[in-house]
Structure formats: structure tokens, C-alpha cells
Amino acid sequence: QLGDRPASTALGDLLMISGRHGEAAELLKEGRRLGDPSASTLLGMHCMHQGRHAEAEELLKEGCRLGDRSASTQLGMLYMQQGRHAEAEEVLKEGRRLGDRSASTQLGVLFMKQFRHAEAEKVLKEGRRLGDRPAFTALGDLLMISGRHAEAEDFFTEGRRLADQQTSTQ
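(A) Quick peek at the overall build of the protein. A count of helical and extended segments in the protein gives 10 helices and 0 strands. Reading the protein from its N end, one meets helices and strands in the order α-α-α-α-α-α-α-α-α-α. When the backbone C-alpha atoms are referred to their principal axes, the protein occupies close to 50 × 40 × 25 Å. Relative to its full complement of 170 residues, the protein shows a buried share of 42%. Put simply, of all contacts in the protein between residues at least 6 apart along the chain, 37% involve residues at least 24 apart. Per element, the accessible surface of the protein, about 9,400 Å² overall, is 51% carbon and sulfur. On the protein, the mean spot of the 24 positive side-chain charges and the mean spot of the 26 negative ones are 1 Å from each other.

Here it is in C-alpha cells:
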């Protein structure tokens, strides 16, 4: 939860987004020492983006153990990148159970990759209901490849409108 984490984790998150990775990693390590589960997850994401997958996996598993609900989704994305689809599905379903809204979208993407289109549509619509903006594009992609072009256009248009709204409120 934002506001409930140590300042070191919050500052580390900001510096990571700003591209100041070395400084960010040190602050996130401090947040981790202070027991902040999100610090482990953020460090895991940092390692994942650097291609340090074994280290990322350990940190993301730690985030899961410590109760960071987004850690399961991030771990599922790592497994998906590695082609470990059964493991990805398991942890993404756990992310959904824990209430991480992006878990539904990522599970839908996994199902699309496996040509499980009916299941993909169901969980992508769930992601959309939960307000996960990438779900709109993923659902549009699914409908487009299924030949349902008019429906796809509606989802792409709605996703674009939401993106424009978000940009104008920032």
C-alpha cells in the first residue's frame, strides 16, 4: 500500500522509475532490511528487467512469502517470459486470488499465447472490470485475431479514452 511503506522503499521506487537504478537498488535493499515486502518485489522486477532471472525469481518469491500481492503477478510474468507456462498460470491465479487486478490481464495474455481464447476472454474481461487499463488492449487484440473487429475497435477505443483521461489528470 502506498503510504504504508518505508520512505527508503518509496524513494527507491521513484529512483527506479527515474532510471537511477544503482541508487534505487541500494534504497530498496534498505527497505527490504526494514521488512517491507514491496521492496523485495521491486528489487525482483529490477533484476528481471536486467535479465538476472534467477535472482529475480528468488526476490519475487520472497515478496510472495512476505505478502506483497503484486509479487505473484510479477513472478508469473517472469515465468511466462521463460516459457514456464504451467508455473506462470499457478502464480497468476494466486495473484488473482490475492486481489492484484493486473493478474487477470496477465493470465489472459498467457491464455492467448496458449491459444486458450475462451479462457483468455473471460479473465481479460475480469481485468477490464477491475480497471486494469492494459486489459482493454489485450482484449482488443484477442477479439481482433478472432475476427471480431467491431468489438475489438470498441475495446481499443475505450482503452485509448482511459489512457487520455489518465494523462489529463496527471
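(B) Up close: the side chain of Ser40. As for its placement among the helices and strands, Ser40 is situated in helix 3 (residues 37-49). Here the side chain of Ser40 touches Glu62 through a polar contact of 2.4 Å, side chain to side chain. Aside from chain neighbours lying at most four places away, what touches Ser40 is Arg32, Leu59, Glu62, Gly63 and Leu66.

(C) Fine view of the packing of helix 4 (residues 53-65) against helix 5 (residues 69-81). Look at helix 4 against helix 5: their axes get within 8 Å of each other, and the N-to-C directions meet at 155°. If you check the angle between helix 4 and helix 5, you find them roughly antiparallel. For the pair helix 4 and helix 5, the crossing hand works out as left-handed. The residues of helix 5 that touch helix 4, namely those facing His53, Ala56, Glu57, Leu60, Lys61, Gly63 and Cys64, are Ala71, Ser72, Gln74, Leu75, Leu78, Tyr79 and Gln81.

Basis of the calculations
Residues numbered from 1 in each chain as written. Predicted model: local features only at pLDDT ≥ 70, side-chain atom pairs only at ≥ 80, totals over all residues. Heavy atoms only, no water. Helix = DSSP H or I, 4+ residues; strand = E, 2+ residues; numbered from the N terminus. Buried < 20%, exposed > 50% of the residue type's maximum accessible area, 1.4 Å probe, protein only. Contact = heavy atoms within 4.5 Å. Areas by Shrake-Rupley, 256 points an atom, 1.4 Å probe, with all protein chains shown as cover. Lys, Arg positive; Asp, Glu negative; His and termini not counted. Charge placed at Lys NZ, Arg CZ, Asp CG, Glu CD. Polar contact = N/O pair within 3.5 Å; in protein donor to acceptor, adjacent residues only side chain to side chain. Axes fitted to C-alpha atoms, helices over the stretch in contact; angles between N-to-C directions. Parallel < 35°, antiparallel > 145°, perpendicular 65-115°, else oblique. Left-handed = near helix turned anticlockwise from the far one by under 90°.

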